[in-house]
Amino acid sequence: MEAAKRSVLVINPFQLTALLWLSRIETASVFLPSVTTVDYAPDTWIGAGIGSLLAIVPLWVMGRVAVASGGLCLVGMAQKFYGRVLGGAVGIFLAQFFLLCGACTIRHVVEVYTGIITPETPGLVYSAIVAGVAVVAAAAGATILGRTAVMVFATVVPLLLLTLILPLNRMNPGHLMPFMHSHLGVLAQAGLISFSFTMQGIVGFMLMPSLRPRTTKEVDAIFLTYAVASSIMMAAAAASITAAFGPLSASLTFPVFSLAQRIQIAGIIERMEILPVFLWTASDILRVALMLWAAAACLAKTFGLEHGRRLVLPLGFVSVVLTAFIVTNVFEMLGFYTWDLWGVYGTVVQVGTVLLLSTGYLLARKGSARRRRHA
Amino acid sequence: MSRIAGKLRLMRGRRKPARPTSTGDRLSPKVDRNEALMRETLGDSFDLTFRTLQPDQEGRRLLLVYLRGAVDEKLVADAVLRPLGQSGFPVGGDPRAVFASLRDRYLAAGTVETTPSLQGAIDGILLAKVALLVDGVPEALLIFLPAWPTRGLLEPETEVNIRGSRDGFSTLIIDNTAVLRRYVKDPRLRFERREIGRLSRTKVVVAHIAGLAPDSLVAEACRRLDKVKLDGVLATAYIEELIRDHRWSPFPTTFRTERPDRVAAALLEGRVAILVDGTQFVLIVPAVLTMFLTTVDDWYESFLVGTALRILRYASFVVSLLFPALYVSAISFHQEMVPTRLAFGITQQRQGIPFPVIVEALLLQLIFEVLREAGLRLPQAVGQAVTIVGALIVGQQAVEAGLVSPVMLIVIATTGIASFVTPVYSMSWSVRLLNPLYIILGGTLGLFGIVSGLVLMEVHLTALNSFGLAYMSPLSPSRAEELKDTFIRWPLWASKRRPKVSREDHQG
C-alpha cells in the first residue's frame, strides 16, 4: 500500500513528454496558424518552425540547472537560490502566469464552440465543463495526469495527422512559393510567437520532483523532443493552411477547422470537422489540467503546503472567472496572441525565468566553491 | 457469539439454540452425555444421523454422528462399519487403546483427525465429516467422507468459446482445486484455505503459484479476505464487492470467470485466483481493462485470427459505448458531419416523430434493456420468444406508429448487438451504465460533451488500481513488451515473457 501511495507522485519521461506535446497541439493547430496567417506571407511556416527550434537552447539550459539542483521545481529552485521570500515571489508570479495560460485555453474552447459550432449555448457552460474536467484530472495528481496524457495522446496524434494529411488533395504547393520570399521581419514575428508558445514547455519543470528517472539524459530527451515536435507541428500546421488557402487564409478565423471542412475523399469521407473538434477539446482539457496543476504546485511550494491538490478547485473557479474577462470576442482573442503582445510577454516571462534561475544556480555554485576553498 | 445467536433468534423466530459456551468445551468421556449435547446443539434436523454400535461385549458403545447427504453413506459402510466387524478388532480393554487402534489401523479413510472439543466435533460434522466417539474417551475421531451434491464440471454458460475446452468449474471447491491441479502440475501451485462467513463458514481458497505471483500480492489478497466480516458468503460476488478496489467505480476491478483454463492462464501470469465454495465463479486479481476484452479463443486460434477478433471486439466496445451518443450529437448539433444524402434521408424519416432525438434514443435504449433482461430471466424457450417478439413486432409497430425512426432503431439495435461482443458480463454492464450518460452528453452538449465525458472517463480509468496494479496497464503506464497482448494477439513463438503483475513494476 505504501508503494501505491508513493506512486501518486511519480511521472515517467514518456508521460511527461506526452503531456507537453499535448499542450502544444492547441497552439499548433489553432493559434499559430490563425495568428501567423493574419498578414499573409507564404513562408511564415519557416519562421514558426525555426522559432520553436530556438526554444531548445533555454529549455536545455533549464534542464541542466534542474537536474543539477537535485530535481527541484521552478519555485523550489528560486527559493534555493534567492531565499524563501524572493523565491516565493517568483512562485506567485509563475502561478498567475500558468493560470493565465489555462484561462486563455479555456477561452479558446469557448470561442471555438460558441463561434462555429453551437452559438446558442452560453460560453460559461463550456468554460465550466472544461475547467471542471481539468480540475478532476489535476486533483488526481501528477501520475494520473501523466497516464491520462498518454491515453489521450495516443488518440489525438493520429487525428492531428489525419487533419493535416487528408486535405492534401486540396492543397496547392504553389501557395508556398516563392520560397524565402518574405522579409526577415515577417519570419521574426512568426518565429517570436512560435518561440513563446514552445517556451511554455517550462511548465514541465514544475513536474521535475515527480519525474523518475531524472537523469540529464532523460531530461534532455524530454525537452529536446518536445521542442522538435513543437517545431514540426507548428511549421506543418502553418504550411498546410497556407498551401490550402493561399491569400484567403488571412480572412479565416480558425483555419484548421476550415481545412478539415475541405476534406473530401472518394465522395464518402467529407467535411471532417469532427477531427479538429475532438483534437482541441481533448488536448485543451489536458492542457488546462496541466496549467492548473502547475499553478497549484507553485502556490503550494510558495506557502509551504504539502501538496497543492486542495488549491486546484479554487484555481479552477478563478480560471473560469478570468476566462470571462480576458477578451470579449474571438477577434480580441486572436489579437491577444499577436507577436507584439503575447509574443513579447510570454518570451520575457519564460526566458526571464530561465535566466533568473540559471544565474542563481551559477551564483550558488560559485558561492559554494568559494566556501569549499575557505574550508 | 451472542450477537450471532441473537441474529439467529431473530431470523428463525425461535428460542436461542443450544450451543457450547465456548469453542474449548471438552467432550465428555461418556458417549450418552456427548450425544445429548450434540442433539441439543444441532437440533432435531432430519438429516442428522446418530448411529450407535456396540461391538464390545462389555457394553462399551461407539457412536457415529454425521449428516446424511453431506456424507457418502456407502463410504461410511466401507471405511468405518466394515473394519469394525473385522476379526481382531480389539474388544474390551483400555478404551484409549481401542480409540488409537481405530485411528491408526482400522478406519479406511484418507483424512482422519482427532478433536477433544465438542465444538470441534460439531464443526467437523457440519463440514461433512463423520464423528466417531468411543465410550470412555473424551475425544472424537473425525473422518472426512464428503458427498456434497454437485453438478460436476459444467460447460461455462457465460464464456462460450469455439475451440477451447468445454470444462467449467463446479460448485464444489475441492473439484475446482483438483481441476486446477490438472491444468498446472507444478509443485509451486499453492492453495491457501480460509473460512469466511460467521454462519455459512464458506471455504475460500487463495490459489497462486509461489515464485510467480508476487508475495505482496498474495499477502494483500489474504489480508483483504481476512477483513471480510459477513454472516454468509453464498457467492463470489459477496467477496468481490468487499475486496475490490474503488467500490464506487462502474468498472469491475476483479475478473470473474468460470473457466479453469482462464484461471490457469492467470496463475501462470503470476496472478492470484480466489475460489469460493458453492459457486463455479472464480475471481482473478489483479484485473486490468484489457483482460475484459479478451477471450480464450484469441489464443486457441491463429494469431492472425486472434488479432482480428480483438480488433473487432475493441471496435464493438467503442460502438456499444458511443454509437447512439454520436448519432444523437450529429443529428442535434453537427448535421454537417452527416453526408448530405444520408442527412436528407434521416430528416425525412424523422418527420412526424413526436420526441426529440435524445428522448427517442433513451427511450429505445431503455426498451432494449428491458427486452434483454426479460430474455435473460425467463426460461430459455420463452425468453427467446419474448426477445424476438419484442425486437421484431414492437420495433416494427413503433416505427409504423411514428414513435421512433427506423434509423434510430438500427442505431440502438447495432449498439445492442455490439455490446454482446464484450465477452465479460460485468464489463458489458459497465458499458450499459455509461451509454445513457453519453447519450445525454451528446444530446445536450454535442461532440464537446462526448469528448469531455471521454476525457473524464480516461482520468477515472487511469486512476483505478486493482490490487496495486494500474487498471489501464499495460496501456498506461505503458509497457511495450506487454502491449503484445492488448489490441493485438502476438504469436506465441514471439512471446517470451510473462506480464509483470507486481505493483512495484508499474510505478509512474
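Residues numbered from 1 in each chain as written. Chains lettered and ligands numbered in written order. Predicted model: local features only at pLDDT ≥ 70, side-chain atom pairs only at ≥ 80, totals over all residues.

Observations concerning the overall build of chain B
Then, number 1: When helices and strands are tallied, chain B shows 17 helices and 12 strands.
Then, number 2: The C-alpha radius of gyration computed for chain B amounts to 30 Å, which surpasses the reference 23 Å derived for 508 residues by more than 25%, pointing to a less compact arrangement than a globule.
Then, number 3: Principal-axis analysis of the C-alpha atoms places the extent of chain B at approximately 105 × 55 × 40 Å.
Then, number 4: Looking at chain B as a whole, 38% of its 508 residues qualify as buried.
Then, number 5: Of the contacts made within chain B by residues no fewer than 6 positions apart, 68% connect residues no fewer than 24 positions apart. (Helix = DSSP H or I, 4+ residues; strand = E, 2+ residues; numbered from the N terminus. Rg over C-alpha atoms; globule rule 2.2 N^0.38 Å. Buried ≥ 20, exposed ≤ 12 C-beta atoms within 10 Å, placed from the backbone. Contact = placed C-beta atoms within 7 Å.)

Considerations on the sheet that holds strand S4 (residues 129–134) of chain B
Residues and elements named next belong to chain B.
Then, number 1: Pairing in this open sheet of 5 strands is antiparallel, and the strands run S1-S2-S4-S5-S3 from one edge to the other. With partners counted over all chains shown, the strands left at the sheet margins are strand S1 (48–53) and strand S3 (112–115), one partner each. The mean inter-strand angle of the sheet, taken between neighbouring strand axes irrespective of direction, is 20°.
Then, number 2: Judged from the 4 bridges that link them, strand S2 (residues 62–67) and S4 form a sheet pairing that is antiparallel. (Pairing = 2+ DSSP bridges. Axes fitted to C-alpha atoms, helices over the stretch in contact; angles between N-to-C directions.)

Section: the nonpolar core
Then, number 1: Ranked by size, the top nonpolar core spans 215 residues in total, and within it Leu292(A) and Ile274(B) carry the most contacts.
Then, number 2: Mapped onto the domain boundaries, this core takes at least three residues apiece from domain 2 (173–287) and domain 3 (302–470) of chain B.
Then, number 3: What Ile274(B) contacts, discounting residues up to four positions off in sequence, is Val204(B), Val206(B), Ala221(B), Ile239(B), Val282(B), Leu283(B) and Val285(B).
Then, number 4: Membership of the second largest hydrophobic core comes to 29 residues, among which are Val98(B), Phe99(B), Ile125(B) and Val134(B). (Core = buried A, V, L, I, M, F, W, Y, C linked by C-beta atoms within 7 Å. Domains from an automatic or database assignment.)

Here we look at the interface of chain A and chain B
Then, number 1: Contact residues are listed per partner, giving 34 residues for chain A and 27 residues for chain B.
Then, number 2: For the side of chain A that touches chain B, the secondary-structure elements that each account for two or more residues are helix H1 (2–7), helix H2 (13–36), helix H5 (74–117), helix H6 (123–139), helix H7 (142–165) and helix H11 (274–302) of chain A.
Then, number 3: Here the residues of the side of chain A that touches chain B are counted per class, giving 22 nonpolar, 7 polar and 5 charged. (Nonpolar A, V, L, I, M, F, W, Y, C, P; charged D, E, K, R; others polar.)

Side note on unusual backbone geometry
Then, number 1: Residue Pro213(A) follows Arg212(A) across a cis peptide bond; omega there is -5°.
Then, number 2: Topologically, Pro213(A) is positioned in the loop between helix H8 (184–198) and helix H9 (216–245).
Then, number 3: Residues Val285(B) and Pro286(B) are joined by a peptide bond in cis, for which omega reads -10°.
Then, number 4: In this structure, Pro286(B) sits in the loop between strand S10 (282–285) and helix H10 (297–300).
Then, number 5: In the Ramachandran plot, Arg201(B) falls in the positive-phi region, its phi being about 45° despite a non-glycine side chain.
Then, number 6: Judged by the 14 C-beta atoms lying within 10 Å of it, Arg201(B) is partly exposed.

As for the confidence of the model for chain B
All names here are of chain B.
Then, number 1: On average, chain B scores 86 in pLDDT, and the residues at 70 or more come to 92%.
Then, number 2: Note on residues 1–19: pLDDT under 50 across the span, and 12 contacts to partners over four residues away in sequence or across chains.
Then, number 3: Scoring of the predicted complex yields 0.87 for pTM and 0.92 for ipTM. (pLDDT = per-residue confidence, 0-100.)

Some words on the sheet that holds strand S7 (residues 202–209) of chain B
Hydrogen bonds between backbone atoms are what pair the strands of a sheet, whose relative direction is either parallel or antiparallel.
Residues and elements named next belong to chain B.
Then, number 1: Strand order in the open sheet made by the 5 strands is S6-S7-S9-S10-S8, with antiparallel pairing throughout. A single partner strand is all that each edge strand has here, and the edge strands are strand S6 (189–196) and strand S8 (255–257). Pairs of neighbouring strands in the sheet enclose a mean axial angle of 25°, with direction left out of account.
Then, number 2: Running at roughly 170° to S7, helix H7 (residues 215–226) makes contact with S6, S7, strand S9 (272–276) and S10 of the sheet.

Examining helix H16 (residues 425–445) of chain B
Residue and element names in this part refer to chain B.
Then, number 1: With 21 residues, H16 should reach 30 Å at 1.5 Å per residue; the first-to-last C-alpha distance of 30 Å fits that figure.
Then, number 2: Taken as a whole, H16 carries its principal kink of about 25° at Leu434; the proline Pro436 stands between one and four residues after it.
Then, number 3: Three or more residues of H16 are buried, namely Met427, Val431, Arg432, Asn435, Tyr438, Ile439, Leu441, Gly442, Gly443 and Leu445.
Then, number 4: The inward-facing, buried residues of H16 abut helix H11 (303–332), helix H13 (357–377), helix H15 (406–421) and helix H17 (447–463). (Expected span 1.5 Å × (residues − 1). Bend = angle between axes of the 7 residues up to and from the residue.)

Quick word on the packing of H11(B) against H15(B)
Residue and element names in this part refer to chain B.
Then, number 1: The contact between H11 and H15 brings their axes to 8 Å, and the two run at 155°. In terms of their interaxial angle, H11 and H15 are classed as roughly antiparallel. Crossing hand, H11 versus H15: left-handed. Residues Arg313, Ser316, Val319, Ser320, Phe323, Pro324 and Tyr327 of H11 touch H15, and the partners they reach there are Val411, Ile412, Thr414, Thr415, Ala418, Ser419 and Val421. (Parallel < 35°, antiparallel > 145°, perpendicular 65-115°, else oblique. Left-handed = near helix turned anticlockwise from the far one by under 90°.)

Concerning the environment of Ile243(B)
Then, number 1: Structurally, Ile243(B) is set in helix H8 (residues 236–243).
Then, number 2: Residues Ile243(B) and Thr253(B), spaced 10 residues apart in sequence, show a C-alpha to C-alpha distance of 9.7 Å.

Observations concerning the confidence of the model for chain A
Then, number 1: In the predicted model, chain A carries a mean pLDDT of 87, and the fraction of residues at 70 or more is 93%.
Then, number 2: Below a pLDDT of 50 lies the segment residues 1–8 of chain A, which in the model reaches 10 contacts outside its immediate sequence neighbourhood of four places, other chains included.

Quick word on the pairing of S9(B)
Residues and elements named next belong to chain B.
Then, number 1: The buried count for S9 comes to 5 of 5 residues, which makes it a mostly enclosed element.
Then, number 2: The alternating pattern of S9 places Val272, Ile274 and Val276 on one face and Ala273 and Leu275 on the opposite face, and all of these are buried.
Then, number 3: Two strands pair when backbone bridges link them, and S7 and S9 are joined in this way by 4 bridges, in the antiparallel orientation. Directly across from Ala207, in S9, lies its bridge partner Ala273.
Then, number 4: Summarising the sheet, S9 and S10 pair through 4 bridges and their orientation is antiparallel. Within the sheet, the bridge partner assigned to Leu275 lies in S10 and is Val282.

Here's the deal with the packing of helix H6 (residues 173–183) of chain B against helix H9 (residues 260–268) of chain B
Residues and elements named next belong to chain B.
Then, number 1: Two elements in contact, H6 and H9, have axes separated by 10 Å at closest approach and are oriented at 60°. Looking at the two axes, H6 sits oblique to H9. Once H6 is placed against H9, the crossing between them reads as right-handed. Counted together, Val179, Leu180 and Tyr183 of H6 and Pro260, Asp261, Val263 and Ala264 of H9 form the full contact between these two elements.
Then, number 2: Looking at the contact of H6 with H9 residue by residue, the class counts come to 6 nonpolar, no polar and 1 charged.

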